[in-house]
Amino acid sequence: RSRIADALEPYERGELDMIAARYTPRLADLVARDLPDAVVGQAGWSGYLAFDHASPIGADLDLRRALAHAVDRDALGGAMPANMAVATGGIVPPALQGHTPDISLRFDPDEARAAYGRSSHEGPIVVASLDDDLPILDPVVGSWSEVLGVEVERRTWSLADIGTMRPPREHAPIYLTGWLPGYADPEYFLRLLFHSQSRTNEGGFVHPPFDELIERARQERSDRGRLALFHEADRMAVADRAAVIPLVYGRSLAVLKPAVHGWWEFGKTSANFADLTVDR
């Protein structure tokens with residue numbers, strides 16, 4: 001509550017006409033409840049479990065599929081704050097063209113145990129996240145333990161650590177992270193996160209058929225054909241290869257005075273302000 005009050009002081013003094021921010025879980029609930037004029041935007045960013053694909057755990061497709069099938073999204077839904085929705089589709093969020101619904105690997109304990117039996121993994125599993133995100137991670141860890149009978153160790157970092165900490169993959173081979181689109185196109189997720197030559201492919205996912213598919217999509221001149229190829233790429237990354245496990249789609253929050261018009265968003269807020277008008 002003190003963080004909300006501090007953020008709102010200049011707004012309430014009339015020095016600002018709007019506030020736009022991405023809030024951490026539960027803080028969004030307080031904003032939505034305590035400020036009746038709060039506007040909750042579309043689900044424009046994705047939160048997911050990423051793998052260090054160079055590690056033994058991340059390189060094991062059967063283990064990745066086992067963990068994906070062992071995520072109980074009904075239990076996860078009970079932990080969702082106001083600015084998040086459970087992800088059941090691909091990595092491209094619902095606010096963007098190119099979102100592919102209902103392709104996340106479904107909760108299937110039998111298939112999870114069968115895939116786990118085919119994997120080469122032994123011992124505990126280590127997973128890391130921001131400490132504020134534990135309400136999202138805890139139901140996932142609980143379902144992994146229950147379905148697979150595996151010991152899971154949680155590691156966390158704080159907001160204060162982010163500026164100086166090592167990359168998340170150096171904390172654990174599995175980590176909860178997110179991605180906001182810098183431009184409203186599925187390429188921003190699929191090429192930048194998963195293409196083997198992308199500098200932002202932090203997990204090190206490599207799958208030559210995926211690279212080939214992305215290059216075909218980039219060269220496609222038909223809008224419909226291009227979108228179809230990106231849908232196929234989303235299915236390949238999420239459903240076929242379990243390169244990541246989508247968990248949530250996030251909504252940003254905007255607090256606007258009645259005189260502000262033209263606000264829109266899809267994730268990052270760098271371009272939106274040029275379209276605003278303020279009536280005085």
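A. Up close: the nonpolar core. In terms of nonpolar packing, the biggest core is built from 35 residues, with Leu 49, Leu 67, Trp 144, Ile 174, Ile 245 and Leu 247 touching the most fellow members. Looking at this core, the elements with two or more residues in it are β2 (39-51), α3 (61-69), α5 (109-118), β4 (125-130), α6 (134-148), β6 (174-179) and β7 (244-256). Take this core: its biggest share by element is seven residues, from α6. Among the nonpolar cores identified, the runner-up in size contains 32 residues, and Ile 91, Leu 190, Leu 193 and Phe 230 belong to it.

B. How the structure looks around the packing of aromatic side chains. A complete count under the given rule lists five aromatic pairs for this structure. With a centroid separation of 5.9 Å and 90° between ring planes, the pair formed by Phe 194 and Phe 210 is classed as edge-to-face. Of this pair, Phe 194 sits in helix α7 (residues 187-194) while Phe 210 sits in helix α8 (residues 208-219); the two residues are 16 residues apart in sequence, bridging distant segments of the chain. Both residues of the pair, Phe 194 and Phe 210, belong to the buried class. Ring pairs connect the aromatic residues Trp 179, Tyr 183 and Tyr 188, which therefore count as one cluster.

C. Molecular detail of the packing of α3 against α5. Contact geometry of α3 with α5 gives a least axis separation of 8 Å together with a crossing angle of 160°. As judged from the angle between their axes, α3 and α5 are roughly antiparallel. Taken as a pair, α3 and α5 cross one another with a handedness that is left-handed. Taking contact as the criterion, the partners of Asp 62, Leu 63, Arg 65, Ala 66 and His 69 in α3 are, on α5, Pro 109, Glu 111, Ala 112, Ala 115, Tyr 116 and Arg 118. Its residues placed into classes, the contact of α3 with α5 shows six nonpolar, one polar and four charged.

D. Structural detail: the packing of α7 against α8. Axis separation between α7 and α8 bottoms out at 11 Å; the angle between their running directions is 140°. Pair α7 / α8 crosses with left-handed handedness. For the pair α7 and α8, the contacting residues are Glu 187, Leu 190, Arg 191 and Phe 194 in the first and Phe 210, Asp 211, Ile 214 and Arg 218 in the second. Taken together, the residues of the contact of α7 with α8 sort by class into four nonpolar, no polar and four charged.

E. Highlighting the pattern of salt bridges. Under the defined criterion, the tally for this structure stands at 11 salt bridges. As a salt-bridge pair, Glu 187 and Arg 226 come within 3.9 Å of each other at their nearest N and O atoms. Of the two residues, Glu 187 is situated in helix α7 and Arg 226 in helix α9 (residues 223-240); the sequence distance between them amounts to 39 residues. Here Glu 187 falls in the buried class, since its relative accessible area comes to 13%. Connected through salt bridges with shared partners, the residues Asp 185, Glu 187, Arg 191, Glu 215, Arg 218 and Arg 226 form a single ionic network.

F. Region of interest: α9. Taking 1.5 Å as the rise per residue, α9 with 18 residues should run 26 Å; its terminal C-alpha atoms sit 24 Å apart, in good agreement. Among all positions in α9, only Arg 226, Leu 229, Phe 230, Ala 233, Asp 234, Met 236, Ala 237, Val 238 and Ala 239 are buried. Phi turns positive one or two residues past the end of α9, at Ala 242, with a value near 45°.

G. Region of interest: the environment of Gly 262. Relative to the helices and strands, Gly 262 is located in the loop between β8 (260-261) and β9 (277-278). Residue class for Gly 262 comes out partly exposed when judged on its relative accessible area of 41%. Along the chain, Gly 262 and Leu 276 lie 14 residues apart, while their C-alpha atoms are 4.8 Å from each other. Discounting chain neighbours no more than four positions away, the residues touching Gly 262 are Asp 275 and Leu 276.

H. Representation of α8 within the structure. The end-to-end C-alpha distance of α8, which contains 12 residues, comes to 17 Å, matching closely the 16 Å that a straight helix rising 1.5 Å per residue would cover. Phe 210, Asp 211, Leu 213, Ile 214 and Ala 217 are the residues of α8 that are buried. All buried residues of α8 fall inside an arc of 160° around its axis, so they share one side. Within α8, the exposed residues directed more than 90 degrees away from the buried face are Pro 208, Glu 212 and Gln 219.

Here is what the cut-offs are and how they apply
Residues numbered from 1 in each chain as written. Predicted model: local features only at pLDDT ≥ 70, side-chain atom pairs only at ≥ 80, totals over all residues. Heavy atoms only, no water. Core = buried A, V, L, I, M, F, W, Y, C linked by side-chain atoms within 4.5 Å. Buried < 20%, exposed > 50% of the residue type's maximum accessible area, 1.4 Å probe, protein only. Helix = DSSP H or I, 4+ residues; strand = E, 2+ residues; numbered from the N terminus. Phe/Tyr/Trp six-rings, centres within 6.5 Å; stacked < 30°, edge-to-face > 60°. Axes fitted to C-alpha atoms, helices over the stretch in contact; angles between N-to-C directions. Parallel < 35°, antiparallel > 145°, perpendicular 65-115°, else oblique. Left-handed = near helix turned anticlockwise from the far one by under 90°. Contact = heavy atoms within 4.5 Å. Nonpolar A, V, L, I, M, F, W, Y, C, P; charged D, E, K, R; others polar. Salt bridge = Lys/Arg side-chain N within 4 Å of Asp/Glu carboxyl O. Expected span 1.5 Å × (residues − 1). Arc of directions from axis to C-beta.

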